[in-house]
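# Examining the three-dimensional arrangement
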There are 2 protein chains.
Amino acid sequence: MNDFSFCTPTRYVFGHDAEKQAGELMLATGARRVLIVYGMGSVIRSGLLDHVKEILHSAGIVTFELGGVQPNPTDPKVYEGIEIVRREEIDGLLAVGGGSAIDTAKAIACGALYEGDFWDFYCGKKVVDKALPLGVVLTIPAAGSEGSGNSVITRLEGLHKLSLRTDTALRPKFACLNPELTFTLPPYQTACGITDMMVHILERYFSPTPDVEVTDRLAEGLLMAIMTEAPKVMAEPENYEARANILWSGTLAHNGICGTGRSEDWASHFMEHELSAVYDVTHGAGLAVITPAWMTFMAEHRPAKVAQLARRVFGISNTDDREAALEGIAALKKFFSSLGLPLTLRELGINTPDYRLLVDKLHENKGEFVGGYYRLSRKETEEIYRLAE
Amino acid sequence: MNDFSFCTPTRYVFGHDAEKQAGELMLATGARRVLIVYGMGSVIRSGLLDHVKEILHSAGIVTFELGGVQPNPTDPKVYEGIEIVRREEIDGLLAVGGGSAIDTAKAIACGALYEGDFWDFYCGKKVVDKALPLGVVLTIPAAGSEGSGNSVITRLEGLHKLSLRTDTALRPKFACLNPELTFTLPPYQTACGITDMMVHILERYFSPTPDVEVTDRLAEGLLMAIMTEAPKVMAEPENYEARANILWSGTLAHNGICGTGRSEDWASHFMEHELSAVYDVTHGAGLAVITPAWMTFMAEHRPAKVAQLARRVFGISNTDDREAALEGIAALKKFFSSLGLPLTLRELGINTPDYRLLVDKLHENKGEFVGGYYRLSRKETEEIYRLAE
């Protein structure tokens with residue numbers, strides 16, 4: 001096990017009417033003038049935005065709004081938010097939505113207190129040492145950003161999709177997690193969210209660090225729980241208990257607990273980030289394509305951990321690591337397929353992938369080698385993209 | 001799943017030389033005059049106390065000491081600590097040791113800022129709303145107090161052993177977790193610690209709350225990890241990796257993550273608290289006796305969750321719940337026995353248990369009914385004590 005320092009100070013308020021505590025929780029952060037950040041309008045149509053505004057107003061908080069954050073959020077919205085924060089002397093942010101709204105709010109939270117360009121944090125030129133307090137009312141269980149200190153933003157110029165990781169600076173102060181707010185999430189988005197959280201766990205599971213039985217078992221347990229609950233939410237979108245289990249899994253998948261004491265992989269995420277930056281596909285759908293391709297490569301080159309997953313999570317009994325790994329991958333693909341997700345680039349709508357562009361951008365953003373479990377060269381990342389064809 | 005509000009702000013610093021960060025971490029809490037609380041002298045003999053004092057002094061912190069905290073810690077030491085804190089204008093505490101030192105430090109941390117008797121918090125007359133900042137350098141993985149907001153103290157007058165639970169008020173600000181500091185823990189203490197952490201998980205696992213697949217799987221995963229690593233630490237006390245996995249399990253077993261969204265049981269702990277208060281047995285050893293007895297009672301009266309544990313953790317394939325439960329209990333007892341632990345009151349050295357006294361004190365402290373999974377009457381708790389004979 002590796003040495004680590006780990007702290008998750010986010011308060012998770014979970015359950016019925018959780019969002020009603022947002023006013024009181026926001027006040028406790030010291031914020032009095034709050035920018036509400038949200039996405040493409042579903043929170044307006046559902047009435048949630050008005051509801052949350054009323055809750056904040058009842059607590060004596062003055063609210064401002066920044067809507068229109070797109071999936072795979074981009075930098076212009078961040079600059080727009082920073083300008084509003086400075087102009088209106090805003091002292092706190094509340095993201096109402098999913099990962100895109102939260103990640104945009106995080107970028108604004110640190111960018112508004114920094115004299116330079118917020119992008120400096122994302123390309124590694126500066127370390128975040130302060131940020132405005134941020135709260136979350138979650139509507140999409142997927143990205144896990146409500147419990148993480150991370151944020152992913154795409155810079156339109158050059159389509160660079162970069163992730164920023166902080167220890168605690170960008171962890172939300174609180175996250176209101178009401179399973180009922182996820183009832184109306186369409187099946188495809190639900191399935192993409194489930195895939196995203198599963199891959200957040202797998203990126204940590206596929207670790208080169210030996211002797212990590214505790215986090216291996218936590219990861220395997222979460223994956224099994226998700227795979228038990230997923231068919232229920234797909235069949236019954238208003239099944240509160242199943243939605244609750246999926247929601248909580250999504251937070252635990254990415255708040256760091258499964259990664260304590262181990263190096264992580266993240267090659268699948270980085271490879272998917274290039275896909276979604278170039279082709280604007282939904283992140284979870286892209287992962288359903290890329291991750292099994294990555295695992296298939298590993299079955300040939302470093303099967304041990306894929307085989308352990310196959311045996312412990314998918315009940316594969318084959319004693320040959322390569323064969324067990326391949327059987328496990330087949331089971332995982334079958335599961336993704338049962339959720340209605342694509343399994344190939346073609347099914348994702350990318351008929352003539354520009355492999356050269358994807359590989360160039362990937363290694364331009366991430367360096368000569370990619371991945372922690374196995375360091376992939378350009379030749380190898382291209383091979384994985386092609387395995388996904 | 002039940003609604004919940006959950007926050008674990010403790011910073012866990014884990015690994016080689018973790019204690020070296022105690023000075024800097026203590027300074028970050030604002031403390032400058034720190035009371036070091038420790039136990040019966042092993043930290044003096046090992047040199048750890050002097051080492052920690054040097055670390056704090058190098059950070060410019062003035063230190064004071066309160067040693068001699070006994071296992072099953074009692075109130076006189078708390079009053080002594082509160083007096084020192086007030087007299088010396090101490091503004092922070094550092095517990096160096098295991099659960100007894102930490103729980104005593106927690107009682108002092110809240111008691112010193114309260115005008116009345118600290119015991120008011122333990123018997124439920126007052127709620128803790130403020131406490132001095134507390135840090136931990138852990139030497140015994142067992143109680144999990146380094147990551148919890150709880151504390152257990154025995155009042156000598158009447159031998160009342162009561163537990164205080166807080167949301168975040170008594171959670172340590174930081175915990176330094178260095179597996180090497182646990183190398184010298186004797187086999188019996190190691191085994192008792194392993195049992196304690198396993199039962200912390202089981203108390204949460206045995207829940208009347210339905211639809212808690214996520215926390216069920218987390219609990220099962222942690223139990224499996226502990227049972228994989230335990231034989232290694234028993235055979236090789238200086239196996240860093242195995243000690244590390246056990247240490248981290250002990251914290252996660254009790255920081256609340258396995259209890260999110262569910263009612264818990266705690267009957268085994270309450271019943272054991274009376275045993276250790278009256279007969280001064282080691283808590284973990286008492287649990288190795290009481291918990292299987294409690295489970296045996298449940299196999300007859302409410303076997304479902306015991307059977308699930310038996311199947312998922314011990315690989316029992318019996319489809320009859322009662323039979324599966326009994327087979328699982330036999331496997332658990334075999335595991336405890338392999339650690340060298342007693343399985344009966346007699347093996348624990350209690351040849352003529354005063355059942356009447358135990359039951360009277362249990363229900364006097366905890367009310368007419370005990371336990372969340374199954375509410376036990378006096379008649380039933382006596383039956384369980386007798387099952388442990």
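Residues numbered from 1 in each chain as written. Chains lettered and ligands numbered in written order. Predicted model: local features only at pLDDT ≥ 70, side-chain atom pairs only at ≥ 80, totals over all residues. Heavy atoms only, no water.

From N to C terminus, chain A includes 15 helices and eight strands. Relative to a compact globule of 389 residues, whose C-alpha radius of gyration would be 21 Å, chain A shows 20 Å and is just as compact. When its C-alpha atoms are laid out on the principal axes, chain A stretches across 65 × 45 × 45 Å. By the burial criterion, 64% of the 389 residues in chain A qualify as buried. (Helix = DSSP H or I, 4+ residues; strand = E, 2+ residues; numbered from the N terminus. Rg over C-alpha atoms; globule rule 2.2 N^0.38 Å. Buried < 20%, exposed > 50% of the residue type's maximum accessible area, 1.4 Å probe, protein only.)

The relation between the two copies of this chain is a rotation about an axis and a shift parallel to it. Superposing chain A onto chain B requires a rotation of 180° together with a translation of 0.0 Å along the rotation axis, leaving an RMSD of 0.0 Å. The superposition operator between the copies reduces to a two-fold rotation axis. Taking C-alpha positions as the reference, the residue of chain A nearest the rotation axis is A:P9, at 2.0 Å. Here 100% of the contact residues of chain A are again contact residues in chain B; the copies associate through an equivalent surface. (Least-squares fit on C-alpha atoms with pLDDT ≥ 70 in both. Contact = heavy atoms within 4.5 Å.)

Time to look at the packing of helix α7 (residues 187-205) of chain B against helix α11 (residues 283-301) of chain B. Residues and elements named next belong to chain B. Where α7 meets α11, the axes come as close as 7 Å, and the angle between the chain directions of the two elements is 50°. Here α7 is positioned oblique relative to α11, judged by the angle of their axes. As α7 packs across α11, the resulting crossing turns out to be left-handed. Of the residues in α11, those in contact with Y188, C192, T195, D196, V199 and L202 of α7 are H283, G284, A285, L287, A288 and T291. Taken together, the residues that form the contact of α7 with α11 break down as seven nonpolar, four polar and one charged. (Axes fitted to C-alpha atoms, helices over the stretch in contact; angles between N-to-C directions. Parallel < 35°, antiparallel > 145°, perpendicular 65-115°, else oblique. Left-handed = near helix turned anticlockwise from the far one by under 90°. Nonpolar A, V, L, I, M, F, W, Y, C, P; charged D, E, K, R; others polar.)

This part covers the state of the cysteines. Counted according to the given criterion, the structure contains zero disulfides over all chains. Free of any disulfide, B:C176 has its nearest cysteine sulfur in A:C7, 13 Å distant. (Disulfide = S-S within 2.5 Å.)

Attention shifts here to the interface of chain A and chain B. With 39 residues of chain A at the interface, the matching set in chain B holds 39 residues. Roughly 3500 Å² of surface becomes buried between chain A and chain B when both sides are summed, with 56% attributable to carbon and sulfur atoms. Considering only the side of chain A, the residues that lose the most area to chain B are A:M1, A:R11 and A:V214, jointly responsible for 18% of the buried surface there. Here chain A and chain B share two salt bridges between them. Its salt-bridge partner being A:D167, residue B:R11 comes within 2.6 Å of it at the nearest N-O pair. Among the elements of the structure, β1 (4-14), α8 (213-235) and α9 (240-252) of chain A are those that each provide at least two residues to the side of chain A that touches chain B. Considering only residue class, the side of chain A that touches chain B consists of 20 nonpolar, eleven polar and eight charged. (Buried area = accessible area lost by both parts, 1.4 Å probe. Salt bridge = Lys/Arg side-chain N within 4 Å of Asp/Glu carboxyl O.)

Moving on, we get to the pattern of salt bridges. Residues and elements named next belong to chain A. One pass over the full model with this rule turns up 50 salt bridges over all chains. Between E229 and K232 there is a salt bridge whose closest N-O contact spans 3.4 Å. A residue pair is termed a helical-turn pair when its members lie 3 or 4 positions apart in one helix, as E229 and K232 do in helix α8 at three residues. Looking at E229, the relative accessible area reads 4%, which means it is buried. Linking E368 and R378 is a salt bridge whose minimum nitrogen-to-oxygen distance equals 3.7 Å. Remark: R378 occurs in helix α15 (residues 378-387) and E368 occurs in the loop between α14 (355-366) and α15; sequence separation between them is ten residues. On the basis of relative accessibility, which here comes to 33%, the residue R378 falls in the partly exposed class. Among the ionic contacts, a cluster of salt bridges with common partners joins R33, E83, R87 and E88.

In the structure shown here, the tally under the stated rule is 30 aromatic pairs over all chains. On the numbers, 4.8 Å between centres and 50° between planes, the contact of A:Y114 with A:F121 is tilted. Considered together, A:Y114 and A:F121 belong to a single accessibility category, that of buried residues. In this structure an aromatic cluster arises from ring pairing among A:F4, B:Y12, B:F14 and B:W248. Lying across the ring of B:F270, B:K366 places its NZ or CZ 4.1 Å from the centre. (Phe/Tyr/Trp six-rings, centres within 6.5 Å; stacked < 30°, edge-to-face > 60°. Lys NZ or Arg CZ within 6 Å of the ring centre and 35° of its normal.)

Once that is clear, we can look at helix α10 (residues 267-279) of chain B. An α-helical segment advances 3.6 residues per turn. Residues three or four places apart therefore align on the same side. Residues and elements named next belong to chain B. An ideal rise of 1.5 Å per residue puts 18 Å on 13 residues; α10 measures up with 18 Å between its terminal C-alpha atoms. Counting buried positions along α10 gives eleven out of 13 residues, so the element sits mostly inside the fold. Structurally, α10 contributes buried residues whose contacts are with β6 (150-155), β7 (160-165), α7, α11, α14 (355-366) and α15 (378-387). (Expected span 1.5 Å × (residues − 1).)

Across the sheet, twelve strands lie side by side as β3(A)-β2(A)-β4(A)-β5(A)-β8(A)-β1(A)-β1(B)-β8(B)-β5(B)-β4(B)-β2(B)-β3(B); this open sheet has mixed pairing. The open sheet terminates on both sides in strands that have one partner only, identified here as β3 (62-66) of chain A together with β3 (62-66) of chain B. Mean inter-strand twist for the sheet, computed between neighbouring axes without regard to direction, equals 25°. Packing against the sheet, helix α4 (residues 75-88) of chain A makes contact with β2 (33-38) and β3 of chain A, and its axis sits at approximately 155° to β3(A). Here helix α5 (residues 99-111) of chain B sits on the sheet and contacts β2 (33-38), β3, β4 (92-97) and β5 (134-138) of chain B; the angle it forms with β4(B), its principal contact strand, is near 165°. (Pairing = 2+ DSSP bridges.)

Residues and elements named next belong to chain A. With respect to the helices and strands, F270 occurs in helix α10 (residues 267-279). With a relative accessible area of 18%, F270 lands in the buried category. Taking the C-alpha atoms as reference points, F270 and K232, 38 residues apart in sequence, are found 30 Å from one another. In this structure, F270 is in contact with S163, L362, K366 and V370, ignoring residues within four places of it in sequence.

All names here are of chain A. The element strand β4 (residues 92-97) is largely enclosed, with a buried count of six among its six residues. Judged from the five bridges that link them, β2 and β4 form a sheet pairing that is parallel. Its bridge partner lying in β4, L35 is registered against L93. Inspection of the sheet shows β4 paired to strand β5 (residues 134-138) by five bridges, in the parallel sense. Along β5, the bridge assignment pairs L94 with G135.

Turning our eyes to something else, we now look at the pairing of strand β7 (residues 160-165) of chain A. Residues and elements named next belong to chain A. In the sheet, strand β6 (residues 150-155) pairs with β7 via six bridges, with the strands oriented antiparallel. What sits directly across from T154, in β7, is K161. Between the end of β6 and the start of β7, which pair antiparallel, lie four residues, with G158 showing a positive phi angle near 85°.

Turning our eyes to something else, we now look at the packing of α11(B) against helix α13 (residues 321-338) of chain B. Residues and elements named next belong to chain B. As a packed pair, α11 and α13 sit with axes 9 Å apart at the nearest point and diverge in direction by 170°. Taken together, the axes of α11 and α13 lie roughly antiparallel to each other. Mapping the contact onto sequence places A288, P292, M295, T296, A299 and E300 in α11 and R322, A325, L326, I329, L332, K333 and F336 in α13. For the contact of α11 with α13, the class distribution of residues is nine nonpolar, one polar and three charged.

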